[in-house]
Amino acid sequence: MHDKHVQSGPTGHHCIILVIIDVETKPQREIESRNCGQNWEAQMLELISRRLLLLLLLPMPVYSREIDSDCDWPQEPQTTASSRADINIGAFVSFERTWVQLLNFTVRPYFRADKIWSNNYLHVLAFTFAENEINQNSNFLFNHTLKLEIYDNNFLPMESYWNTLSLLSRRQGFLPNYHCGRTRKVMAIIGGSDSQISTEMSRISMAYKIPQLGYGSFDPALSDKTQFPQFFRMAPNDNLQQEGILHLLNHFSWNWIGLITTDDDTGERFLRSLRPRFLQSNICLALTHMISTQWNYREIRHYFKMGRVASDLRWNKINVVILHGDSQHMIVLSVFLSNLERNSMDHFERVWITTTQWEIASTINRVISPVKSFNGTLCFSTHIKVMKVLHKFLVNLNPIHSKIYRIQFFWSGIFYCCMTKYCSCLLTEEICTGKEKLRIGPDILRYTQSYSIYNAVYAVAHAVHSMYSLRAPEKTTLGGARWNLLNAHPWQLHSFLRHVRFNNTAGEEIFFDENGDLVTGYDIMNLVIYPNGYLQKFQVGQMDPQAPAGKEFTLNTSAIVWNPKFKQAIPQSRCVESCLPGQSQVAMEGKDICCYNCAQCPKGRISNQIDAAQCDKCPEDQYPNQEQIQCLCKTVTYLSYTESLGMVLASLALFLSLISMVVTGTFLLHWDTPLIKANNRNITCTLLTSLLFGFLCCFLFIGEPGKTTCLLRQVLFAITFSISVSCVLGKTLTVVVAFMATKPRNIMKTWIGKRLGVSVTILSSLLEVGISAVWLVTSPPFPEFDIHSQVAFIIVQCNDGSAVMFYIALGYMGLLAAISFIVAFFARRLPSSFNEARLITFSMLVFCIVWLSFVPTYLSTSGKSMVAVEIFSILASNACLLGFIFLPKCYIIIMRPELNTREQLVNKTKT
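My aim in this report is to walk through the structure given alongside it, one point at a time. (Residues numbered from 1 in each chain as written. Predicted model: local features only at pLDDT ≥ 70, side-chain atom pairs only at ≥ 80, totals over all residues. Heavy atoms only, no water.)

Right, let's talk about unusual backbone geometry for a bit. Along the chain, glycine 191 connects to glycine 192 via a cis peptide bond; the corresponding omega equals 5°. Residue placement: glycine 192 occurs in the loop between β5 (186-190) and α7 (195-207). In the Ramachandran plot, serine 253 falls in the positive-phi region, its phi being about 60° despite a non-glycine side chain. Mapped onto the secondary structure, serine 253 falls in the loop between α8 (238-251) and β8 (256-262). Note on serine 253: relative accessible area 30%, which makes it partly exposed. Positive phi is not limited to glycine here, since lysine 567 has a value of about 55°. Within the secondary structure layout, lysine 567 lies in the loop between β19 (553-555) and β20 (583-587). (Helix = DSSP H or I, 4+ residues; strand = E, 2+ residues; numbered from the N terminus. Buried < 20%, exposed > 50% of the residue type's maximum accessible area, 1.4 Å probe, protein only.)

This next bit is on empty space enclosed by the protein. Taken as a whole and judged by the stated rule, the model has 9 cavities of 30 Å³ or more. The space that makes up the second largest cavity amounts to roughly 70 Å³. Every residue lining the second largest cavity is counted, 13 residues in all, and those nearest its centre are Tyr638, Leu639, Pro705, Val796 and Val867. Within the residue set of the lining of the second largest cavity, elements represented by two or more residues are β28 (793-799) and α25 (864-895). Tallying contributions element by element places β28 first for the lining of the second largest cavity, with 3 residues. Its residues placed into classes, the lining of the second largest cavity shows 7 nonpolar, 4 polar and 2 charged. (1 Å grid on protein atoms, 1.4 Å probe; cavity = no way out; pocket = protein on both sides within 12 Å on 5 of 7 lines; lining within 4 Å. Points joined across faces, edges and corners; volume = space filled by probe spheres on them. Nonpolar A, V, L, I, M, F, W, Y, C, P; charged D, E, K, R; others polar.)

Bringing the sheet that holds strand β27 (residues 782-786) into the picture now. Ordered in space as β26-β28-β27, the 3 strands form an open sheet in which the pairing is mixed. Both outer strands of the open sheet, β26 (635-637) and β27, are each paired with one neighbouring strand and no more. The mean angle between the axes of side-by-side strands here comes to 25°, regardless of whether they run parallel or antiparallel. Examined bridge by bridge, β26 and β28 share 3 bridges and lie parallel to one another. Bridge assignment links threonine 635 to a residue of β28, and that residue is phenylalanine 793. (Pairing = 2+ DSSP bridges. Axes fitted to C-alpha atoms, helices over the stretch in contact; angles between N-to-C directions.)

Okay, the pattern of salt bridges next. Applying the stated criterion to the full structure yields 7 salt bridges. Note that aspartate 517 is salt-bridged to arginine 233, the shortest N-O span being 2.9 Å. Taken together, the residues aspartate 517 in the loop between β16 (509-511) and β17 (522-529) and arginine 233 in strand β7 (residues 231-233) connect sequence positions 284 residues apart. Arginine 233 matches aspartate 517 in its accessibility class, with the two residues each being buried. (Salt bridge = Lys/Arg side-chain N within 4 Å of Asp/Glu carboxyl O.)

Let's shift gears to the state of the cysteines. In this structure the tally under the stated criterion is 7 disulfides. Each sulfur in the disulfide pair cysteine 579 and cysteine 598 lies 1.9 Å from the other. For the disulfide bridge between cysteine 579 and cysteine 598, the dihedral angle about the S-S bond is near -90°, and by the sign convention the bridge is left-handed. Remark: cysteine 598 occurs in strand β21 (residues 596-600) and cysteine 579 occurs in the loop between β19 and β20; sequence separation between them is 19 residues. Cysteine 601 shares a disulfide with cysteine 615; S-S distance 1.9 Å. Around the S-S axis, the bridge from cysteine 601 to cysteine 615 shows a dihedral of about -80° and counts as left-handed. In this pair, cysteine 601 sits in the loop between β21 and β22 (605-606) while cysteine 615 sits in the loop between β22 and β23 (616-617), placing the two residues 14 residues apart along the sequence. Summarising the burial analysis for this pair, cysteine 601 and cysteine 615 share the class buried. (Disulfide = S-S within 2.5 Å.)

Turning next to α7. With 13 residues, α7 extends 19 Å between its outermost C-alpha atoms, agreeing within 8% with the 18 Å of an ideal straight helix rising 1.5 Å per residue. Within α7, the axis deviates most sharply at methionine 201, by approximately 25°. Residues of α7 that are buried include every one of Ser195, Ile197, Ser198, Thr199, Glu200, Met201, Ser202, Ile204 and Ser205, and no others. Lysine 209 occupies a position one or two residues after α7 and carries a positive phi of about 55°. (Expected span 1.5 Å × (residues − 1). Bend = angle between axes of the 7 residues up to and from the residue.)

This part takes up the pairing of strand β9 (residues 284-291). Look at any regular strand and the pattern is simple: side chains alternate between the two faces of the sheet. In terms of residue burial, β9 counts as a mostly covered element, since 6 of its 8 residues are buried. With 7 bridges connecting them, β8 and β9 associate as parallel partners. Note that in β9 the partner of leucine 259 across the bridge is threonine 288. Following the chain from β8 across helix α9 (residues 265-280) to the adjacent parallel β9, one finds a crossover that is right-handed. (Right-handed = clockwise from strand over helix to strand, strands pointing away.)

Looking now at the environment of cysteine 594. Secondary-structure assignment places cysteine 594 in the loop between β20 and β21. Cysteine 594 gets classed as buried once you look at its relative accessible area, which sits at 1%. Placed 18 residues apart in sequence, cysteine 594 and valine 576 show a C-alpha to C-alpha distance of 7.4 Å. Here cysteine 594 is in contact with Asn255, Trp256, Asn282, Ile283, Cys284, Cys575 and Val576, once residues within four sequence places are set aside. (Contact = heavy atoms within 4.5 Å.)

Looking now at the sheet that holds β9. An order of β9-β8-β10-β11-β12-β17-β18-β19 is seen for the 8 strands of this open sheet, with the pairing classed as mixed. With partners counted over all chains shown, the strands left at the sheet margins are β9 and β19, one partner each. Pairwise comparison of adjacent strand axes, ignoring direction, gives a mean angle of 25° for this sheet. Here strand β12 (residues 377-382) runs beside β17; their pairing, made up of 6 bridges, is antiparallel. Looking at β17, one finds that serine 381 is bridged to aspartate 523.

This part is about the packing of aromatic side chains. In total, this model carries 26 aromatic pairs according to the counting rule given. An angle of 45° between the planes, with centres 4.9 Å apart, marks the rings of tyrosine 454 and tyrosine 458 as tilted. On the criterion of helical spacing, the pair formed by tyrosine 454 and tyrosine 458 is a turn pair, its members being 4 residues apart in helix α16 (residues 450-471). Assessed through its relative accessible area of 12%, tyrosine 458 is described here as buried. For the ring pair phenylalanine 821 and phenylalanine 825, a centre distance of 6.3 Å and an interplane angle of 35° mean the geometry is tilted. (Phe/Tyr/Trp six-rings, centres within 6.5 Å; stacked < 30°, edge-to-face > 60°.)

Viewed as axis vectors pointing N to C, helix α5 (residues 122-136) and α16 meet at an angle of 30°, and their least axial separation amounts to 9 Å. In the crossing of α5 with α16, the sense of the turn from one axis to the other is right-handed. Together, Leu122, His123, Ala126, Phe127, Phe129, Ala130, Glu133 and Ile134 of α5 and Ser450, Ile453, Tyr454, Val457, Tyr458 and Ala461 of α16 make up the contact between the two elements. Tallied by class, the residues present in the contact of α5 with α16 amount to 11 nonpolar, 2 polar and 1 charged. (Left-handed = near helix turned anticlockwise from the far one by under 90°.)

Here we come to the nonpolar core. One finds Phe717, Phe847, Trp851, Ile871 and Phe886 to be the most contacted residues of the largest nonpolar core, which totals 63 residues. For this core, the secondary-structure elements that each account for two or more residues are α18 (644-669), α19 (674-678), α20 (681-696), α21 (707-740), α22 (754-778), α23 (803-826), α24 (837-860) and α25. With 14 residues, α25 is the largest single contributor of residues to this core. Contacts of tryptophan 851, omitting those with residues within four sequence positions, involve Phe717, Phe721, Leu810, Met813, Ser873, Ile874 and Ser877. (Core = buried A, V, L, I, M, F, W, Y, C linked by side-chain atoms within 4.5 Å.)

Geometry of a packed helix pair, given as the angle between the helix axes and the separation of the axes. At a minimum axis distance of 11 Å, the contact between α5 and helix α14 (residues 388-395) shows a crossing angle of 110°. Between α5 and α14, the angle is such that the two are roughly perpendicular. Counted together, Leu122, Leu125, Thr128, Phe129, Asn132 and Glu133 of α5 and Val389, Leu390, Phe393 and Leu394 of α14 form the full contact between these two elements. Of the residues in the contact of α5 with α14, the class split is 7 nonpolar, 2 polar and 1 charged. (Parallel < 35°, antiparallel > 145°, perpendicular 65-115°, else oblique.)

Structure, rendered in structure tokens:
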């Protein structure tokens, strides 16, 4: 039932008071939270939702300096040492966990919670330190002061509703949208400790257009400016953290992974975003579990659900598990695993990879944490820098004279002493002197979100500073009064927060991106738990989005302290053994992509990494090594003079050329002797010259092929050989015709003489010259690189241009050789004094054998071998002609000159 009362004050303003009498103004948290089941929380959330609906129906807040005289309520107490504050900021923390005290009644309650207090209460101290530091600099806010109003949400969303509404109302009257008796104006809100609380707070602050800075909010949904336009996150975008997780898994080649996340929208979004990234990197989620903060032993469904998590962890061969959630879920998992360790001595020693949301070191303690299980954990945390000034502030704390929010309770819980002003002391308890010193290391910020809190307070202060600097010179009223912070509205601070940019006392630059996320990276921490329960984090890597390309992810593997289970060896977490370099993965039907077989790379392909998805071809100028793990550069090769084969062939060609010149010289010196005259001197000289050029053309085949050498080598070879064979044919036909002409009335008498041999030689040679000319015009030879014939070599060779023309030229030469052999064979029985048919027959037989064997050998070889075969064939065929035709004559001319007479020749002919 609701009653509405309207009263009119002397100034004509109206006070509209909405009285809600069907609920209590505040639940008894200390009693009911111990039995806070799911149904009770649902009722409370429904209650708060109804209140929010009523708030939205009320008028928007009107900031008035006039107060109704009938509203005679007491003024709000100051929470800081400042007597007057112009800039009010709501500061929301969570450091009390009442329900944790129910786990065990064998120890004192404050001892149960001391670790949680010591870590999370530092958020309050960070708020206070930043406030004092800013207010001590009077010029920073132009003689205005900063005032923080601290509220403890107790990690409960319903508390965040209540506290947020209390901040925006009178502290004594809880009257939203009504400023009767209010002297403060909230310019910004900083909080809360996790994404769910921040989201619930934002729904209220958004209606008032008050900017909110979340220091423990990591849900990517809060980056959506259409839903949360006034929200700023003191943390980087979550996509960067997911990339860091992928880099970490790929760095250690872990692909058989477990995932434990939250049973809410945040967990669903994380899983939905991470799964496709894993698939692209061939990483499999072998098990996935979603846990709830509402777990307890009394509800059998939660017990069995957590039991399934433990069973999967116990029997699955997964050594790496990713934890994603918030600190509440960390407590649930820690409580469950610690009970299993104590009761069944069952340890779940894994490589736990925690996201920033877990805040693992600030949520577990040596009483409830599974020490052996979480030792060696790798944690992603928002990048921070150690501030020595804050460490000095913490060490010099004195609770006796301090007005810091609830510091007396913190002090008594930490030092196990009694503050006489705030509690009744037992006889066994010592009195707190205030001179106790906190044993806090300079790196204490690595366990908390205090660094983000400190930056958030300064971000608001710098935004106010920028707003005042820009608008203070402006005149906003007709009377010429200047603008001041008392006339400012929270919504005016938005644009300045979006563009704020400053360096904090640690030297780090602080600014936001277009989504309101802090532009920073992640530190990769290694959590070490010592036997005495002491926790310590060491930085072993980082994920820096502002680093140069390729250097965003860095990790010092040697600095990581693994769980003792792994004996300081890098843990393995794979479905199957890795494929070695030189192998590739082969998918197994019906299995995950992480479960596969390994196959050796095919010939000509390599894989130079572990678990290669496929084998790759080497570039054309490279080839695989024997192990097929790397590509080697191919060697450019050709038949050169420096290698043994080229040197032997060149020497042989030179030697035969010299012999040919000696024979030619011998014939020229004995040009008029009967033996020379009887063998057609002109054709003989032409034959010797062609043989000499045949030997010399071998040098065109040795050495690096060039455009000129490729153009000449085959053509000169074909022409010189055709001339040689034509000369042999001409000599043979001359002898045959001469003997046929001795018969009566034979028509061959007209062909006796030099004309026949010369004519045959010229015509046969010209036909080969014509074939070569057509070859050069239509498709001339050219140099090329053969990269396919041999695996390890690039062969520099001459392309014949037209294989058809090459074989036509070679075939024509073979035809001439065959005709010469046939003619010489039929003339072999003629008197040897007048002809050399027998010698020609034998020489042409060897010539034909050489070139008949050349063709298949030439076609079956490549590179230098092909060239060597052709050179050898040229030398062998020319040598047989030179040896069998001319060496016997040289023997007679030099060694038996008495036989080189006309009488000897005539006598042999008669016989």
